[in-house]
Amino acid sequence: MENFAALTYLAAGVLFILALRGLSHPETARQGLTFGMVGMGLAIATTLLLPQVTAYVPIVLAIAIGGGIGAFIANKIDMTALPQLMAGFHSLVGLAAVFVAGAAFNDPEAFNIGTKGDIHLASLIEMSLGLAIGAVTFTGSIIAWGKLQGRISGKPVTFGGQHQLNAFLGVIMLLMIILLCVTGSAVVFWAIALLALALGVLMIIPIGGADMPVIVSMLNSYSGWAAAGIGFTLHNNLLIITGALVGSSGAILSYIMCKGMNRSFLNVILGGFGGEQASASAADMGDRQAKIGAAEDAAWIMKNASKVIIVPGYGMAVAQAQHALREMADILKHEGVDVKYAIHPVAGRMPGHMNVLLAEANVPYDEVFEMEDINREFAQADVAYVIGANDITNPAAKSDSSSPIYGMPVLDVGKAKTVLFVKRSMGSGYAGVDNPLFFEDGTMMLLGDAKKMTEDIIKAMES
Amino acid sequence: MAEDHRTLTESAADLANRLQDLSERAADLAVQTSDVISQSSAHAQPFIITGLTVFVLACFVGYHVVWRVTPALHSPLMGITNAISSVIVVGAIIALWPASGGFSLMAFLAVVLASVNIFGGFIITRRMLHMFKKKA
């Protein structure tokens with residue numbers, strides 16, 4: 001039976017790999033999802049068949065309760081709330097890891113890793129790692145959820161000695177893990193959990209709202225490492241394989257997000273970005289006037305264009321403007337205008353956020369392009385329609401070495417003949433940097449709510 | 001009759017002797033097997049080595065597979081990884097009612113939480129991918 005279980009767990013692991021492999025193209029993605037679900041079903045079925053598993057009633061009850069809640073939430077949630085949903089889900093994986101570590105600590109015989117109070121050394125180390133990473137993931141994700149949901153201020157919360165405090169707590173935690181290995185004491189075990197919970201909060205509060213794509217990916221990665229840690233504790237290869245897959249996936253996403261902002265991972269983690277710094281360049285453009293236009297002007301310009309590139313940002317998500325946007329694009333296409341969408345890697349609050357929202361509004365995915373694939377086309381475009389985005393279009397990132405976003409790859413919207421900026425106000429973006437593009441001759445500002453403005457443009461086009 | 005009796009006791013004694021012989025051999029064999037087992041377990045790697053091998057190779061597989069994921073599907077990627085990382089439910093199920101101790105509330109809660117993620121993660125991913133269908 002044990003060998004049989006090991007083989008089916010291996011099959012489940014392979015199915016998980018195939019699930020991720022399927023995501024290399026939208027056409028194969030749904031097949032990949034099926035692989036993932038079959039793999040999970042196989043893993044759970046195998047576990048239920050293990051001879052030591054006999055308590056079917058509480059197991060089925062627990063799966064029914066959890067599954068019901070999960071299905072309800074996932075079916076009801078708005079696509080715009082996706083980033084906070086992901087953060088919330090990550091927190092649950094973290095807490096589950098804490099509980100499994102706790103259960104294994106209380107009852108080591110169940111997993112064959114020693115007896116109560118006398119657990120094998122290697123298992124204690126792995127267990128405490130799973131516990132600590134799980135606990136950090138739990139509270140860190142809750143803070144990230146709060147920031148994304150707007151329950152907690154998205155502004156970075158910083159105080160003096162913050163990094164020193166975190167480093168100090170980190171060192172204390174290491175010492176406690178050593179102490180646990182020596183004594184095997186339950187008090188130390190739960191003290192590690194408490195410390196890690198506190199550390200999770202402290203690590204995420206200094207990080208600003210727009211850095212959340214990195215943080216959500218990082219927590220995704222942590223939830224994987226926690227699962228792997230538990231896999232080592234329980235001597236289960238499937239947990240190790242899956243944990244490693246998820247961990248490296250989250251790490252790669254974090255890396256891609258950091259590169260999209262030209263910032264190091266460390267710089268993001270240390271937080272504090274997007275506060276009051278960098279208002280120096282504001283003064284020298286204070287006397288320049290931006291051209292402010294109306295929906296009718298924008299409608300006329302776009303209807304007479306031959307190529308329009310739409311650049312969505314977080315503002316589009318907030319205003320839920322994606323459906324109106326697609327309607328506008330439909331009208332333009334009907335008029336024979338070539339319409340494309342340009343997506344910056346860090347647009348929105350999680351990796352791929354804009355793509356999902358556009359897909360929700362029935363925008364065909366072959367009209368949506370990544371930054372490196374479309375950046376050259378702005379020079380041939382008549383109009384760049386920037387909706388709810390700012391920093392990701394800021395040319396100062398290329399020219400002004402004193403700018404905090406200097407070096408960040410940006411979309412070259414300024415190369416289009418006309419740039420239409422849909423924005424709520426003339427204010428600076430998240431990074432606190434002014435966008436010199438607002439004051440260019442070819443730029444027209446459309447001030448207002450992204451959805452309302454797009455709908456007004458549609459009306460003007462139709463009349 | 002007496003002769004019969006003697007042969008019976010003789011054969012009983014004989015049987016007893018043989019039994020003793022057999023049990024001695026069995027004991028011998030048992031000692032040998034336990035020797036072999038302890039030898040082989042001394043030769044077998046501790047799990048941490050096997051686990052690390054699997055872990056490192058899986059990290060490489062993950063690295064190469066995830067880089068091939070198209071950026072447009074990074075959100076569904078998170079959905080799927082979120083769901084599969086809840087495979088931790090396997091550990092929770094084993095811990096739920098171990099033979100040695102009774103019901104474990106912590107393990108029960110872990111199964112509930114992981115199930116929220118499994119169902120939630122797969123369903124939200126299916127919803128996302130459903131939107132990425134090719135449109136006419």
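The numbering scheme is per chain: residues are counted from 1 as the chain's sequence reads. To label them, take the chains in the order written and letter them from A, then take the ligands in the order written and number them from 1. Per-residue local features of the predicted model are confined to residues with pLDDT of at least 70, and side-chain atom pairs are confined, for both listing and counting, to 80 or more; whole-chain, interface and lining totals are unaffected and use all residues. Excluded from the side-chain calculation are hydrogens and water; included are all heavy atoms of the structure.

## Considering helix α2 (residues 47-67) of chain B
Move 1: Segments assigned H or I by DSSP are reported as helices when at least four residues long, segments assigned E as strands when at least two residues long, and all are numbered from the N terminus. A helix is expected to reach a length of 1.5 Å times the quantity of its residues less one. Its 21 residues place the ends of α2 of chain B 30 Å apart at the C-alpha level, agreeing with the 30 Å of an ideal helix rising 1.5 Å per residue.
Move 2: When a residue's accessible area, from a 1.4 Å probe over protein chains only, is under 20% of the maximum for its type it is buried; when over 50% it is exposed; and in between it is partly exposed. Within α2 of chain B the residues assigned to the buried category are Phe-47, Gly-51, Val-54, Phe-55, Ala-58, Cys-59, Gly-62, Val-65 and Val-66 of chain B. Projection of α2 of chain B onto a plane perpendicular to its axis shows the buried side chains occupying an angular sector of 145°, all on one side. Relative to its buried face, α2 of chain B has exposed residues pointing more than 90 degrees away, namely Leu-57 and Phe-60 of chain B.
Move 3: Contacts are residue-level and defined by heavy atoms, with any inter-residue pair within 4.5 Å sufficient. Elements in contact with the buried residues of α2 of chain B: α1 (2-22), α8 (212-234) and α9 (237-261) of chain A together with α3 (74-85) of chain B. Note: the arc covers the axis-to-C-beta directions of the helix.

## A few points about the pairing of strand β7 (residues 418-423) of chain A
Residues and elements named next belong to chain A.
Move 1: Most of β7 sits out of view: 6 of its 6 residues are buried.
Move 2: Burial along β7 is two-sided: the residues Thr-418, Leu-420 and Val-422 and Val-419, Phe-421 and Lys-423 are all buried.
Move 3: Inspection of the sheet shows strand β6 (residues 383-387) paired to β7 by 5 bridges, in the parallel sense. Bridge pairing in β7 places Ala-384 opposite Val-419.
Move 4: In the sheet, β7 pairs with strand β8 (residues 443-447) via 5 bridges, with the strands oriented parallel. Paired with Leu-420 across the two strands is Met-444, which belongs to β8. For two strands to be treated as a pair, DSSP must find no fewer than two bridges joining them.

## Examining the pattern of salt bridges
All names here are of chain A.
Move 1: The term salt bridge refers to a side-chain nitrogen of Lys or Arg lying within 4 Å of a carboxyl oxygen of Asp or Glu. Considering all chains together, one arrives at 12 salt bridges over all chains under this definition.
Move 2: One salt bridge in this structure joins Arg-263 and Asp-211, with 2.8 Å as the shortest N-O distance. Pair noted here: Arg-263 is in the loop between α9 and α10 (265-270) and Asp-211 is in the loop between α7 (186-204) and α8, with a separation of 52 residues, a long-range link.
Move 3: Given a relative accessible area of 0%, Asp-211 falls into the buried group.
Move 4: Notably, a salt bridge pairs Lys-415 with Asp-412, separated by 3.7 Å at the nearest N-O pair.

## Comments concerning the side chain of Thr-137 of chain A
Move 1: Considering the arrangement of structural elements, one finds Thr-137 of chain A in helix α5 (residues 121-149).
Move 2: Not counting residues up to four positions away in its chain, the partners in contact with Thr-137 of chain A are His-90, Ser-91, Gly-94, Leu-219, Tyr-222 and Ser-223 of chain A.

## A closer look at the state of the cysteines
Move 1: Criterion for a disulfide: a pair of cysteine sulfur atoms at a distance within 2.5 Å. What the rule picks out here adds up to 0 disulfides over all chains.
Move 2: Looking at the unpaired Cys-59 of chain B, the closest cysteine sulfur is the one in Cys-258 of chain A, lying at 18 Å.
Move 3: According to the relative accessible area criterion, Cys-59 of chain B is buried, its value standing at 19%.

## Side note on the side chain of Ser-221 of chain A
Residues and elements named next belong to chain A.
Move 1: Mapped onto the fold, Ser-221 is located in helix α8.
Move 2: Nitrogen and oxygen atoms within 3.5 Å of one another constitute a polar contact, given that in protein one can donate a hydrogen and the other can accept it, and given that sequence-neighbouring residues count only through two side-chain atoms. Among the polar contacts listed, one links the side chain of Ser-221 to the backbone oxygen of Gly-247, at a separation of 3.0 Å.
Move 3: For Ser-221, the contacting residues outside a window of four places in its chain are Val-246, Gly-247, Gly-250 and Ala-251.

## Concerning the interface of chain A and chain B
Move 1: Contact with chain A, which involves 104 residues of that partner, is made by 79 residues of chain B.
Move 2: For the pair chain A and chain B, the summed buried area comes to about 8,100 Å², and 81% of that belongs to carbon and sulfur atoms.
Move 3: The term buried area means the drop in 1.4 Å probe accessible area that two parts suffer when joined, counted for both and summed. Area buried by chain A at its contact with chain B is led by Leu-23, Leu-33 and Met-40 of chain A, which between them contribute 8% of it.
Move 4: The interface formed by chain A and chain B holds 0 salt bridges in total.
Move 5: Inspection of the region where chain A meets chain B yields 9 residue pairs in polar contact (both at pLDDT 80 or more).

## Brief notes about the packing of aromatic side chains
Residues and elements named next belong to chain A.
Move 1: A pair of aromatic rings is counted whenever rings of Phe, Tyr or Trp (Trp by its six-membered ring) have centres within 6.5 Å, and the orientation is called stacked for planes under 30 degrees apart, edge-to-face for over 60 and tilted otherwise. Counted under the stated rule, the structure contains 8 aromatic pairs over all chains.
Move 2: Taken together, a centroid distance of 4.2 Å and an interplanar angle of 15° make the contact between Phe-105 and Phe-189 stacked. Of the two residues, Phe-105 is situated in helix α4 (residues 82-106) and Phe-189 in helix α7; the sequence distance between them amounts to 84 residues.
Move 3: In this structure Phe-189 comes out as buried when scored by relative accessible area, which is 0%.
Move 4: Aromatic pair Phe-189 and Trp-190: ring centres 5.0 Å apart, planes at 85°, arrangement edge-to-face.

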